[in-house]
Amino acid sequence: MSEVVTYQREGAIGVITVNYPPVNALSHAVRSGLLDALKQGQADAEAKALLLVCEGRTFIAGADIREFGKPMQEPGLPTVVEAYENSDKPIIAAIHGTALGGGLEMALGCHYRVALESAKVGLPEVKLGLLPGAGGTQRLPRLAGAQKSLEMITTGDFISASDALQAGIVDAVEASSDAKAAGEQFALKVIDEGKPARRVRELTDRIEADKGSDVFEQFRTGLQKKARGLFSPFKCVDAVEAAFQLPFEEGMKRERELFMECMESPQRAGLVHAFFAEREVSKVPGLPKDTPVRDIKSVGIIGAGTMGGGIAMNFANVGIPVRLLEVKQEALDKGLAIIRRNYENTAKKGRITQAQVEERMALIQPTLAYEDFGDVDLVIEAVFENMGIKKEIFGTLDKVCKQGAILASNTSTLDIDEIASATNRPEDVVGMHFFSPANVMKLLENVRGTKTADDVKATVMDIAKRIKKVGVLVGNCYGFVGNRMLHQRGAEAIKLVNEGATPQQVDKVLTDLGFPMGQFAMSDLAGIDVGYRIREERRNAGENIPPSWMDKLAEQGRLGQKTQAGTYLYEEGSRKPIPDPKVDALIEEFRKEQGIEPREITDQEILERCMYVMINEGAKILEEGIADRALDVDIVWIYGYGFPAYRGGPMFWADQVGVKEIYETVKRFHDTLGGDQWKPAPLLERLAKEGKTFGSL
Ligand code: 3H9
């Protein structure tokens, strides 16, 4: 008898229980166990109906993702679902937690579904580069029709039990916390009323109603924009459409073909890597799971600008009170007005209520006095990048904050140890680097200083979860993980334009790779003055940073979107970059001044120079221990810079391209172009020579 699936009769009901923590995923053992238990139920003459329930926190959350990419072991999930559907005894699925992917498909193979009020259902396969491959694309439309099925299958979003009831996906919703009891009650009714085994595959009403509908074309058109570069959403539409064009068995065959195409696509590999990497980053090497965390009940934020305001919203959104400090009343008023406007816009879109707007605003208390930080548990400084000012602020915090308070800086580049040196408690100082817009971007790059205490590191990682971000703990160096790599890409992009490429050409190569925007559109968004100021500071510090046409833009006051002109032009109220012939002329003039004869630059060269320079820097970051694992770098880039998740992050992408190929190209660039940035990282060289990948580290 399988240990993960058991069969037991209770009165007239044969209860099949799955118990495979943490989420009852459909591993080989679970699939075999489900078939065995079904056989027992069939053979049990006393059982008049069967009930499928799960132990633990959730109903089945899907196929076991860890088995993807390995040879499939029989029985496959479609076989198991079919066996359940074929049963003559009615089978009821009792759903609690989340019935997802293959889990919902199992439930759709059962004859009735009852869900707890708190339960959610969904077919999230598309988020892993797949489509539902155990009949989900053929059975769901028979219950919910074309529109709802397409919505659920192409977005992968979960829906509530009541929504599922309304859509006809479940038959009953119970306001109970006991799925087994709710399922048994439903099963007894089925037995009493002599209800038959109702097979979803035999239902035709919804299929007939939506046959020939233009909704499929509408979805395909919508996806052109929403799912740019992605493979599986389009296959999802094809598979759902097949339910309306083909008899059930043939539809199932079509689903299988399309599923296998997705399974073999590199996008599936990238998205599954991203799924596990997102969960792995919270397990920090050397920081045991049971490291204590400090109790954070209130937060102080210094700076009510775009960054500080966005950070404050994150805490207010989850009910944590914030004290927001500015030096001038005017700046404070302006900052609060922007926060209110952001919340009101969200309310207008129907995502929060007006009452929630007021609740959240009430949690953000403005102040002009550092003394008001005397009792907060965490302070986050979010003023502009200037070491002198930051040190002064931390000196003040050291005086006013209570013992045990965590003192964090939102610096995006500066040395945390130097900031910490302005206090007498460097163990309490840490970096918490939010990404703009801070209330939207999911990454929180937490930076450990040399002396940061373990419980402080554990606390800031815990806070990331509390405010619904993905926290990555990294080491202290100029620009940390994300910006250190970005700066290399930015410098290379500028040089490519110096040499003959156009900014549009560089940006297009990056957007074709899947980035939401290119390097130059991004600097326009961030503000060209930001990069300019950094370059100037580094020049003043004696670094050899050659002049560039970007400096000229900054000097002319073309600062990007905020001045409606940067590398591109922007129409009032629009974020769409428009190429500007004046910038072409400025670049041309710059080349003349510098004596540069422009040359034709291929897209391939742009791709290699922009991306490989980052990979080389990533290898240095790994070698220095600034990032613990390649997957930490991947998550920083996916959630902080919009690196396409379907490529798995830069280091995963590098493994796909081939470490050896990248090493050889980097070496060639070092010989031809020169510069430290092209000096092959010893780690890159070693991996290339040993035939290994970043993922193997
Ligand atoms: C599919 O079903 C294909 C079929 O159509 C066709 C087949 C032929 N497998 O997220 P959490 C692990 S595709 C293996 O932190 P939460 C996860 O790695 C699948 N492991 O918890 C983590 O492990 P660890 C469609 C899985 O409460 C632990 O469980 N299904 C799986 O925040 C806890 O996870 C999906 O895409 C899995 N399927 O969220 C659902 N799922 O502790 C994917 C989770 O070692 N899962 N783990 O780090 C989820 O969306 C969330 O995990 C869930 C729980 C909402 C269930």
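Thresholds applied
- In this numbering scheme, every chain counts its residues from 1 along its sequence in written order.
- For a predicted model such as this one, the threshold for reporting local features is a pLDDT of at least 70, and the threshold for listing and counting side-chain atom pairs is 80 or more; totals across whole chains, interfaces and linings nevertheless cover every residue.
- Where helices and strands are cited, they refer to DSSP runs of H or I of at least four residues and of E of at least two residues respectively, numbered from the N terminus.
- Three exposure classes are used. Buried residues have 20 or more other C-beta atoms within 10 Å of their own C-beta, exposed residues have 12 or fewer, and partly exposed residues fall in between, all C-beta atoms being placed from the backbone.
- UniProt positions are given in the numbering used here, feature names are shortened, and annotations may be inferred rather than shown by experiment.
- Only strands joined by at least two bridges in the DSSP assignment are considered to pair.
- Domain segmentation is taken from an automatic or database assignment of domains.
- Any residue whose C-beta atom, as placed from the backbone, lies within 6 Å of a molecule or strand is termed near it.
- All residues other than Ala, Val, Leu, Ile, Met, Phe, Trp, Tyr, Cys, Pro, Asp, Glu, Lys and Arg, Gly among them, are scored as polar; the first ten of these are nonpolar and the last four charged.
- What we call a nonpolar core is a set of buried Ala, Val, Leu, Ile, Met, Phe, Trp, Tyr and Cys residues whose membership is set by joining through C-beta atoms within 7 Å.
- Contact between residues is assigned whenever the C-beta positions, reconstructed from backbone atoms, fall within 7 Å.

Caption draft 1: Focus on the environment of Q656. As for its placement among the helices and strands, Q656 is situated in helix α26 (residues 650-657). For Q656, a count of 15 C-beta atoms within 10 Å translates into the label partly exposed. In this structure the C-alpha to C-alpha distance between Q656 and E617, which are 39 residues apart in sequence, comes to 18 Å.

Caption draft 2: Layout of the UniProt feature "domain: 3-hydroxyacyl-CoA dehydrogenase C-terminal" (unreviewed entry) in the protein. The positions UniProt marks with the feature "domain: 3-hydroxyacyl-CoA dehydrogenase C-terminal" (unreviewed entry) are residues 479-570 and 606-692. Along residues 479-570 the backbone is 62% helical and 2% strand, and the end-to-end C-alpha distance reaches 29 Å. Taken end to end, residues 606-692 is 70% helix and 0% strand, and its first and last C-alpha atoms sit 26 Å apart.

Caption draft 3: Layout of the sheet that holds strand β7 (residues 120-122). Taken in spatial order, the three strands make up an open sheet running β5-β7-β8, and their pairing is mixed. At either margin of the open sheet sits one strand with a lone partner, and together these are β5 (98-100) and β8 (159-160). Of the strand pairs in this sheet, β7 and β8 are connected by two bridges, and their pairing is antiparallel. Counted as the bridge partner of V121 is I159 from β8.

Caption draft 4: Here's a closer look at the domain arrangement of the protein. Here the protein is described as being made up of domain 1 (5-263), domain 2 (299-478) and domain 3 (502-600). Distance from the C-alpha centre of domain 1 to the C-alpha centre of domain 3: 51 Å.

Caption draft 5: Just the site of the ligand, in detail. Around the ligand, the surrounding shell holds 25 residues, and the nearest of these are G62, A63, G101, G102 and G133. Contributions of two or more residues to the shell around the ligand are made by β5, α3 (102-109) and α11 (266-280). For the shell around the ligand, a count of residues per class yields 14 nonpolar, six polar and five charged.

Caption draft 6: Representation of unusual backbone geometry in the model. Cis geometry marks the peptide bond from E74 to P75; its omega dihedral reads 0°. Along the chain, the position of P75 falls in the loop between β3 (49-54) and α2 (77-86). Phi is positive for F480, close to 55°, though the residue is something other than glycine. As for its position among the elements, F480 is in the loop between β17 (470-474) and α18 (482-499). At Q564, a position not held by glycine, the phi torsion is positive, near 60°. Tracing the sequence through the fold places Q564 in the loop between α22 (549-555) and β18 (568-569).

Caption draft 7: Geometry of the nonpolar core. Judged by nonpolar contacts, the single largest core of 208 residues is most densely connected at L51, I92, I95, I301, A312 and V379. Looking at this core, the element that brings in the most residues is helix α24 (residues 603-623), giving ten residues. Sequence-distant contacts of I92, that is, excluding residues within four places in its chain, are made with A49, L51, C110, H111, Y112, V114, G183, F186, A187 and V190.

Caption draft 8: Molecular detail of the UniProt feature "domain: 3-hydroxyacyl-CoA dehydrogenase NAD binding" (unreviewed entry) in the protein. According to UniProt, the feature "domain: 3-hydroxyacyl-CoA dehydrogenase NAD binding" (unreviewed entry) maps to residues 299-476 in the numbering used here. Spanning residues 299-476, this segment combines 42% helix with 21% strand, and its end C-alpha atoms are found 23 Å apart.

Caption draft 9: Molecular detail of the pairing of strand β4 (residues 91-95). Most of β4 is tucked away, with five of its five residues classed as buried. Of the two faces of β4, the one carrying I91, A93 and I95 and the one carrying I92 and A94 are both buried. As defined by bridge partners, β3 adjoins β4 across three bridges and the pair is classed as parallel. Looking across to β4, one finds that L51 is bridged to I92. Where β4 and strand β6 (residues 112-116) come together, four bridges link them in parallel fashion. Pairing of A93 across the sheet is with R113, part of β6.

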